[in-house]
Amino acid sequence: MFVRELDLRDYRSWPSADLTLRPEPTIFTGRNGFGKTNLLEALFYIATLRSHRVSSDAPLVRSGATSASVGATVENAGRELAVSLQIAAEGSNKAWLNGSPCRRPREILGVLRAVLFAPEDLLLIRGDPSDRRRFIDELVAQRGPRWAAARSDYDRVLRQRSALLKTAGAALRRGGSDADSVISTLDVWDGQLADLGGQVTAARIEVLRDLEPHFVASYSSIAPHSRPAALSYRPSAGPELVPPRDVEPDPDTIAAQLLERLGETRTKEIERGVSLVGPHRDDVDIVLGSEVAKGFASHGESWSLALALRLGSVELVRSEGIEPVIMLDDVFAELDAARRRKLVEFTAGAEQLLITAAVAEDIPEGVGGRRIGVDVVDEADGTRHSELMSDATESMDS
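A. Representation of the nonpolar core in the model. In this structure, Phe-117, Phe-215, Leu-305, Leu-309, Leu-328 and Leu-343 are the most contacted members of the largest nonpolar core, which totals 73 residues. A per-element tally of this core places helix H5 (residues 179-222) first, with 17 residues. Those residues within four positions of Leu-343 in sequence are excluded, and the remaining contacts are Phe-117, Leu-307, Leu-311, Leu-328, Val-331, Phe-332 and Leu-335. Core analysis: the next-biggest nonpolar cluster, separate from the first, contains 48 residues, Ala-17, Leu-19, Ile-46 and Leu-85 among them.

Right, dumping it as structure tokens:
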């Protein structure tokens, strides 16, 4: 699988960009802040319908524009697919596949499978649970629209249920006659939240179990003298939601358990006006030895674990018979010599490898391929925008 063409309009710092790519390494060079990462982010958005840097779409739209467009032509096993997205600063996004409009943007999921390595990956080990949930949901989403639909519907129901919890709490505090009616309505929303939560949780557990052996092997390769690593899913509703390893996660069983837990926590949820249990509060434990890595793993161990998560993700996609596009966003500058070598060895066989770097010295020896400079142009009104330079053999000065 590789991306043959990438087209941007009003995407972040790019008023326009038309780029032809090849199944080979391509290195984008330029100073920090010139817009290199935006190119990889746009492709990753096509693969996951999410940015790896921000949680909302508005920052993706160039200042002064109402929407951005991202298009790509992807070749997979001799088949060519063209996808395009219109990303709105406000409101709903739109998508097209081979020129035909999609009912929902998530219908393009699966067209491009990609794994992105970025400096933000350290947050997978040291950051909040939301960082790890984002990571696992990206893996789930790339398996196709059905998985993304459950998460999207869950988020919608969660917002509505949380609003109802606030209404119920206010009604109880003022002693209004509508309190019982509001609270009884929660039964309907509890059922929907549990049903969709069961689907989301089961999909996460399944992809995490598929990922774990690849993660374990990758970490052992990167840090052969370290303690063994492992992954486990930690539901906010209690460990009983995770079935034994020899039992396939069943959405209906998990939904029933989640519904019971929602009933047990309803009083507390009404008092606080928030939904306290469900996939939106779950976490993934990244374990080193017998302890969760967050809070005690060294800086080197944390980078090795983060790198193993991404390398394992590549192997997971490969195990499904797909060679993903691998993107390295300025990560060589973050790694020591040993981890750089390991990453170079691992990505040497990639069909398409896209790299960003500020200076040529950040690229290890042995990484060849095409180099494209990225520059910025200052406008008379004080704004600036990114533009592509002609292919070059040397990167720009920092």
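This is not the end of the story, as more comes after the structure.
B. Quick look at the packing of aromatic side chains. Evaluation of the coordinates by the stated rule reveals zero aromatic pairs. Seen from the ring of Trp-147, Arg-146 lies directly overhead, with NZ or CZ sitting 4.1 Å from the centre. In this structure, Arg-318 packs its charged tip against the face of Phe-346, placed 5.3 Å from the ring centre.

C. Broad picture of the packing of helix H3 (residues 129-141) against helix H7 (residues 299-319). Where H3 meets H7, the closest approach of the two axes is 12 Å, and the angle between their N-to-C directions is 15 degrees. Taken together, the axes of H3 and H7 are roughly parallel relative to one another. Between H3 and H7 the crossing geometry is right-handed. Mapping the contact onto sequence places Phe-135, Glu-138 and Leu-139 in H3 and Leu-309, Arg-310, Ser-313 and Leu-316 in H7. Partitioning the contact of H3 with H7 into residue classes produces four nonpolar, one polar and two charged.

Conventions we followed
Residues numbered from 1 in each chain as written. Predicted model: local features only at pLDDT ≥ 70, side-chain atom pairs only at ≥ 80, totals over all residues. Heavy atoms only, no water. Core = buried A, V, L, I, M, F, W, Y, C linked by side-chain atoms within 4.5 Å. Buried < 20%, exposed > 50% of the residue type's maximum accessible area, 1.4 Å probe, protein only. Helix = DSSP H or I, 4+ residues; strand = E, 2+ residues; numbered from the N terminus. Contact = heavy atoms within 4.5 Å. Phe/Tyr/Trp six-rings, centres within 6.5 Å; stacked < 30°, edge-to-face > 60°. Lys NZ or Arg CZ within 6 Å of the ring centre and 35° of its normal. Axes fitted to C-alpha atoms, helices over the stretch in contact; angles between N-to-C directions. Parallel < 35°, antiparallel > 145°, perpendicular 65-115°, else oblique. Left-handed = near helix turned anticlockwise from the far one by under 90°. Nonpolar A, V, L, I, M, F, W, Y, C, P; charged D, E, K, R; others polar.

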